[in-house]
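Working through the structure, step by step
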Amino acid sequence: KMIKSGAEIIDIGGESTRPGSITVSPKVEWKRLKNILKNFKKKYNKICLSLDTRKSNLMVKGIENGVDLINDVSGFNFDKSSLNKIKKFNVTKVLHHMKGSPNTMQKKPTYKDVLLDVYDFFENNLSKFENNKIILDPGIGFGKTLKHNLTLISKISLFHSLGFPILIGTSRKRFINQISGKYDSKERIGGTLASILFLLMQGVQIFRVHNVKEVKQGILVYNKIIEK
């Protein structure tokens, strides 16, 4: 359904990384993932398959089953052997910023300057990667207050100077509720689309979303308008 609705990347994961979530064992995570991983490329061989995991053994198993993209919310810091174990594979990696862990990240996160701190994190970690197949994700909602999120979104174009594509996930995030108050809605499509269209204006290339068709529709209309 997501592919028919216009998704070009499918991101799958067997462990929740929402605020307050707890770590699951590799065995449980693999049990949740294995059927999808083993069958996805048989049916959708031209669609980019992204694996959201923090564990190196699962990364390797995923790549061996056709995963194109590794999306580790810990910035490859949870499992220190991750980058070493997957360096022999020519796979793209998302360098994601998160403060703390999913269980602790929203407990009073503080920065000297969130924009520069995240920029420094990217700059300091890029040298760890053996190839240039890297995507940057500043981690909206991952150890960030409303003010931090808004600063990163509004000033996102700074990260283009690092020379890599940018991935942003604002879909259904809590900051939309914090802004909209009594106008909040279950799927937060309005707030999601508003943030995505702004980020599109700033040159962001990849968006992680839930409501694929609605976002695709919004982007198509936006692109047609700016063509004129």
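In what follows, the structure referred to is the one given above.
Cut-offs used in this document
- Once a new chain begins, its residue numbering starts again from 1 and follows that chain's sequence as written.
- Two thresholds apply to this predicted model, a pLDDT of at least 70 for residue-level local features and 80 or more for giving and counting side-chain atom pairs, whereas whole-chain, interface and lining totals are computed over all residues.
- Note: side-chain values were computed over all heavy atoms of the structure, leaving out hydrogens and water.
- The secondary structure listing takes helices from DSSP runs of H or I that are at least 4 residues long and strands from runs of E that are at least 2 residues long, numbered from the N terminus.
- The term polar contact refers here to a pair of N or O atoms within 3.5 Å; inside protein, the definition further demands a hydrogen-donor-capable atom paired with an acceptor-capable atom, and it admits residues adjacent in sequence only when both atoms are side-chain atoms.
- Buried means the residue's accessible area, taken with a 1.4 Å probe over protein chains only, is under 20% of the maximum for its type, while exposed means over 50%, and partly exposed covers the values in between.
- The rule for pairing is simple: two strands pair if DSSP sees at least two bridges between them.
- Note on geometry: axes are C-alpha line fits, over the in-contact stretch for helices, and angles between N-to-C directions span 0 to 180 degrees.
- What makes two residues a contact is simply this: any of their non-hydrogen atoms within 4.5 Å.
- The criterion for an aromatic pair is that two Phe, Tyr or Trp rings (for Trp, the six-membered ring) have centres within 6.5 Å, with stacked assigned to planes under 30 degrees apart, edge-to-face to planes over 60 apart and tilted to the rest.
- Cation placement over rings: the criterion is NZ of Lys or CZ of Arg within 6 Å of the ring centroid and within 35° of the ring normal.
- An angle below 35 degrees is read as roughly parallel, one above 145 as roughly antiparallel, one from 65 to 115 as roughly perpendicular, and any other as oblique.
- Crossings are sorted by hand: turned counterclockwise from the far helix by less than a right angle, the near helix makes the crossing left-handed, and turned clockwise it makes it right-handed.
- Here, the term nonpolar core denotes a set of buried Ala, Val, Leu, Ile, Met, Phe, Trp, Tyr and Cys residues that are joined through side-chain atoms within 4.5 Å.

With respect to the secondary-structure elements, N125 resides in helix α4 (residues 114-125). Polar side-chain contacts of N125 include one of 2.7 Å to the backbone oxygen of F121.

Let's shift gears to the pairing of strand β4 (residues 92-96). Of all the 5 residues making up β4, 5 are buried; the element is thus mostly covered by neighbouring parts of the structure. Covered by surrounding structure in β4 are T92, V94 and H96 together with K93 and L95, the residues of both alternating faces. With 4 bridges joining them, strand β3 (residues 69-72) and β4 adopt parallel strand pairing. Its bridge partner being in β4, L69 is matched across the sheet by T92. The sheet contact formed by β4 and strand β5 (residues 134-137) spans 4 bridges and is parallel. Residue H96 lies in a different strand from β5, and its bridge partner there is D137.

Pairing within the open sheet is parallel, and its 5 strands lie in the order β1-β2-β3-β4-β5. Taken across any chain shown, the strands that pair with only one partner, and hence form the sheet edges, are β1 (9-13) and β5. Taking each pair of neighbouring strands and ignoring which way they run, the sheet shows an average axis angle of 25°. Packed onto the sheet, helix α1 (residues 26-43) meets β1 and β2 (48-52) and runs at close to 170° relative to β2.

Here we take up the packing of aromatic side chains. On inspection of all chains with the given rule, the structure shows 5 aromatic pairs. Ring geometry for F76 against F129: centres 5.7 Å apart, planes inclined by 85°, an arrangement best described as edge-to-face. Residue F76 is found in the loop between β3 and α3 (82-86), and its partner F129 is found in the loop between α4 and β5; the two are separated by 53 residues along the sequence. Here the aromatic rings of F121 and F122 are separated by 5.8 Å at their centres, their planes lie at 55°, and the arrangement is tilted. When sorted by exposure, F121 lands in the same class as F122, which is buried. Positioned over the ring face of F78 is R54, at 4.2 Å from the centre of the ring. When the ring centre of Y111 is taken as origin, the NZ or CZ atom of K99, which lies over that ring, is 4.4 Å away.

The next subject is the packing of α4 against helix α5 (residues 146-154). Closest axis-to-axis distance for the α4/α5 pair is 9 Å, and the angle between their directions is 65°. In terms of their interaxial angle, α4 and α5 are classed as roughly perpendicular. For α4 against α5, the interelement crossing comes out right-handed. Across from V114, L115 and V118 in α4, the residues of α5 making contact are H148, T151 and L152.

In terms of nonpolar packing, the biggest core is built from 53 residues, with I70, I86, L95, F122, L136, F159 and L162 touching the most fellow members. If you tally residues by element for this core, the top one is α4, at 6 residues. If near-sequence neighbours (up to four positions away) are discounted, L136 is found in contact with L95, F122, L126, F159, L162, F164, P165, I166 and L167. Counting residues in each nonpolar core, the second largest holds 5 residues, with L69, V94, I135 and I206 among its members.

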